[in-house]
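A closer look at the structure
Here are the chains, one letter per residue:
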Amino acid sequence: MEALRETQLYCPFAYIDGSWVAADSGEQINVTNPATGEPVGDIPRLGRAETERAIEAADAALPAWRALTAQERADLLLKWHDLMLEHKQDLALLMTHEQGKPVKEAEGEIVYAASFLRWFAEEARRVYGETIPAANANQRIVVTKQPVGVVGAITPWNFPAAMITRKAGAALAAGCTIVVKPASQTPFSATALALLAERAGIPRGVFNVVPGSASDIAKALTESPKVRKITFTGSTEVGRKLMAQAAEHIQKISLELGGNAPFIVFEDADLDAAVEGAMAAKFRNAGQTCVCTNRFLVQSSVINAFCEKLAVAMNSELKVGDGTKPGVNIGPLIDESAVKKVSEHVQDAVDHGAELLLGGHPHPLGGNYFTPTLISFATDAMKVAHEETFGPLAAVFPFDDEETAIEMANDTQYGLASYFYSRDLARVWRVAEALEYGMVGINTGLISNAAAPFGGVKASGLGREGGHQGLEEYLETKYLCIDLGK
Ligand SMILES: NC(=O)c1ccc[n+]([C@@H]2O[C@H](COP(=O)([O-])OP(=O)(O)OC[C@H]3O[C@@H](n4cnc5c(N)ncnc54)[C@H](O)[C@@H]3O)[C@@H](O)[C@H]2O)c1
Ligand SMILES: O=C[C@H](O)CS(=O)(=O)O
């Protein structure tokens, strides 16, 4: 692995109650570089017993942590934020080695991830209650907010830092403590965050990282009555299982799940702007983001012009390769099965009559690389219409009128991100209100930021992360009724 400036940021251990530990069993998970197949390192494979110890540590740390003032918690979150930015290059290099995204994009994620710590540090001091005029003159009604308690978090590989701080920043700001299980593909981004949290002075037991057996760790988290909140980011299939498991102890739950984002281009759109937005919304992280466009819906009168412009942009702007190499902006997919899924979607589309305009095959570099691909005249009969591709495949579907575009866009079990381009103000309001999604990008392909409530409807999940809404997910409302007597 390319040398880190500070080698200590490579932490091949779990982090429980302020200690760096191995698995009780001594088992390890081998982590490999998706670009080269070379080993990145080994991380302990923790199970139920270790997770129960982490829950106990988080529970023990809770009283003192929630007793700090919001300002005191905010100050510690800001120190953590500053340390992330100070070590941006090393954190990014770690991420590129274990996840594959190009270093520049990884640096962008570190800045984005740190922004959640700053955002929630600021929001911590704005957890307001309220008083309500009582019907009874001798009574007073007061509404307060209190931290939920111990939180269990499970996060995905595609944004291995931001998906953790988007949860931990809010949880810690609210006065909660947390046990995080990172994805087994990307544990070192998580343990590096733990090292910096420790250096920032976040007390032992407040932030714990337990890499290992997903099902065993999830069972320990969902079967513990001390865990009052489960927060998950990942596939809808796993989210569904966790929601059922969380029912046992009526744990609060936040689910950030899969997507199938439409990107609608109306004939009145600025096509050059639409193509620029399309490149951002489709090819970030090689198409491996939950908000990546999965379906381009383009009005028939402009579909040829749009496809020509998009093909030119893809050919001239996208460079596939190892994310540590200069100029590369499309790294490898996370693994062989990801390459297989994209190949299947392309072949299925062509078999059902789609026109292949660009790419359409794994990249000549081999391994987990896939050539950015453009297909047109896609239809509802194709897998790409209903399944999340999670790769660099741009599938363009024609439509004739606004009503049809909205029907096509909403014809999915998902409802996370959506995008459309139009310069007609009335159409902007009609379409924005008709789309069944948690987020709508209008004349933009980039919508993710800490100040906004990120999340979806339908099979894309429950709850929001970021914004002031993101903090509410870690707070309980308590109503005080005070009788003043006669
Ligand atoms: N909505 C969002 O904010 C968002 C963000 C990133 C990724 N995603 C979605 O996540 C998916 C890709 O990420 P992924 O492949 O890591 O998803 P995944 O569901 O396979 O894994 C996510 C996490 O869940 C764990 N996990 C796997 N099986 C589990 C089980 N049975 N019980 C408990 N935990 C289990 C994994 O180890 C990992 O830590 C895509 O569908 C993508 O859309 C959504
Ligand atoms: O994969 C989806 C993540 O939420 C990434 S981002 O928040 O859209 O950058």
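Residues numbered from 1 in each chain as written. Chains lettered and ligands numbered in written order. Predicted model: local features only at pLDDT ≥ 70, side-chain atom pairs only at ≥ 80, totals over all residues. Heavy atoms only, no water.

An unreviewed UniProt entry annotates the chain as NAD-dependent succinate-semialdehyde dehydrogenase originating from Vreelandella piezotolerans. Taken directly from UniProt, the Sequence similarities (unreviewed entry) text for the chain runs: "Belongs to the aldehyde dehydrogenase family." (UniProt positions renumbered as here; feature names shortened; annotations may be inferred.)

Another aspect to go through is the overall build of the chain. Within the chain, the regular secondary structure consists of 14 helices and 20 strands. The C-alpha radius of gyration of the chain comes to 23 Å, within 12% of the 23 Å expected for a compact globule of 486 residues. Taken along the three principal axes of its C-alpha coordinates, the chain extends 75 × 60 × 40 Å. The 486 residues of the chain split such that 57% are buried. Taking all contacts inside the chain whose residues are at least 6 apart in sequence as the whole, residues at least 24 apart take part in 73%. (Helix = DSSP H or I, 4+ residues; strand = E, 2+ residues; numbered from the N terminus. Rg over C-alpha atoms; globule rule 2.2 N^0.38 Å. Buried < 20%, exposed > 50% of the residue type's maximum accessible area, 1.4 Å probe, protein only. Contact = heavy atoms within 4.5 Å.)

Structurally, A274 can be placed in helix α9 (residues 271-283). By relative accessible area, A274 is classed as buried at 0%. Sequence separation between A274 and L310 is 36 residues; the distance between their C-alpha atoms is 9.1 Å.

Around ligand 2, the neighbouring residues are Y112, N158, F159, M163, R166, R284, T289, C290, V291, S448 and F454. A distance of 2.5 Å separates an oxygen atom of ligand 2 from a polar side-chain atom of Y112. Within the side chain of R166, an N or O atom sits 3.1 Å from an oxygen atom of ligand 2. Protein contact buries 98% of the 270 Å² of open area that ligand 2 shows by itself. (Near = heavy atom within 4 Å. Polar contact = N/O pair within 3.5 Å; in protein donor to acceptor, adjacent residues only side chain to side chain. Areas by Shrake-Rupley, 256 points an atom, 1.4 Å probe, with all protein chains shown as cover.)

In this section: the UniProt feature "active site" (unreviewed entry) in the chain. In the numbering used here, UniProt assigns the "active site" (unreviewed entry) feature to E256. For E256, the position within the fold is in strand β11 (residues 252-256). Classification of E256 by relative accessible area gives buried; the value is 3%. Contact partners of E256, with chain neighbours within four places excluded, come to R166, F232, T233, G234, L416, F454, G455, G456, S460, G463, R464 and E465.

By nearness alone, 27 residues border ligand 1, and T155, R166, S235, L257 and E388 come closest of all. Contacts to ligand 1 include L257, whose backbone N or O atom sits 2.8 Å from a nitrogen atom. Notes on ligand 1: free accessible area 850 Å², of which the protein chains cover 85%. With respect to the pocket detection grid, ligand 1 is positioned in the largest pocket. Secondary-structure elements contributing two or more residues to the shell around ligand 1 are α5 (162-174), α7 (214-222), β10 (227-233) and α8 (236-246). Among the residues making up the shell around ligand 1, the classes are represented as 16 nonpolar, 7 polar and 4 charged. (1 Å grid on protein atoms, 1.4 Å probe; cavity = no way out; pocket = protein on both sides within 12 Å on 5 of 7 lines; lining within 4 Å. Sits in = over half its atoms within 2 Å of the grid points. Nonpolar A, V, L, I, M, F, W, Y, C, P; charged D, E, K, R; others polar.)

For the rest of this paragraph, the subject is the pattern of salt bridges. One pass over the structure, following the stated rule, counts 22 salt bridges. Its salt-bridge partner being R53, residue D24 comes within 2.6 Å of it at the nearest N-O pair. Remark: R53 occurs in helix α1 (residues 48-67) and D24 occurs in the loop between β2 (19-21) and β3 (28-32); sequence separation between them is 29 residues. In this structure, K309 and D272 form a salt bridge, with 2.8 Å as the shortest nitrogen-oxygen distance. (Salt bridge = Lys/Arg side-chain N within 4 Å of Asp/Glu carboxyl O.)

Within the chain, I250 stands out as a residue other than glycine whose phi angle is a positive 45°. Turning to its location among the elements, I250 is positioned in the loop between α8 and β11. Using a relative accessible area of 67% as the deciding quantity, one classes I250 as exposed. Phi at K458 takes a positive value of approximately 55°, unusual for a residue other than glycine. With respect to the helices, strands and loops of the structure, K458 is situated in the loop between β18 (439-442) and β19 (461-462). Given a relative accessible area of 40%, K458 falls into the partly exposed group.

On the surface, L480, I482 and L484 cluster together into a nonpolar patch covering about 240 Å² of accessible area. Inspection of the secondary structure assignment puts I482 in strand β20 (residues 475-483). I482 sits in the partly exposed class, given a relative accessible area of 37%. (Patch = residues over 30% accessible without salt bridge, like charges linked within 9 Å, V, L, I, M, F, W, Y side chains within 5 Å.)

Before going further, it helps to spend a moment on the UniProt feature "domain: Aldehyde dehydrogenase" (unreviewed entry) in the chain. Mapped onto this structure's residue numbering, the UniProt feature "domain: Aldehyde dehydrogenase" (unreviewed entry) falls at residues 20-479. Structurally, residues 20-479 is divided into 41% helix and 20% strand, and its ends, taken at the C-alpha atoms, are 41 Å apart.

Another point: the sheet that holds strand β14 (residues 355-358). Spatially, 7 strands are ordered β14-β15-β16-β13-β12-β17-β18 in an open sheet, and the strand pairing comes out mixed. Of all the strands in the sheet, the pair left with one neighbour each is β14 and β18. When the angles between neighbouring strand axes are averaged without regard to direction, this sheet yields 20°. Note that β14 and strand β15 (residues 373-376) share 3 bridges and pair antiparallel. Paired with L356 across the two strands is I375, which belongs to β15. (Pairing = 2+ DSSP bridges. Axes fitted to C-alpha atoms, helices over the stretch in contact; angles between N-to-C directions.)

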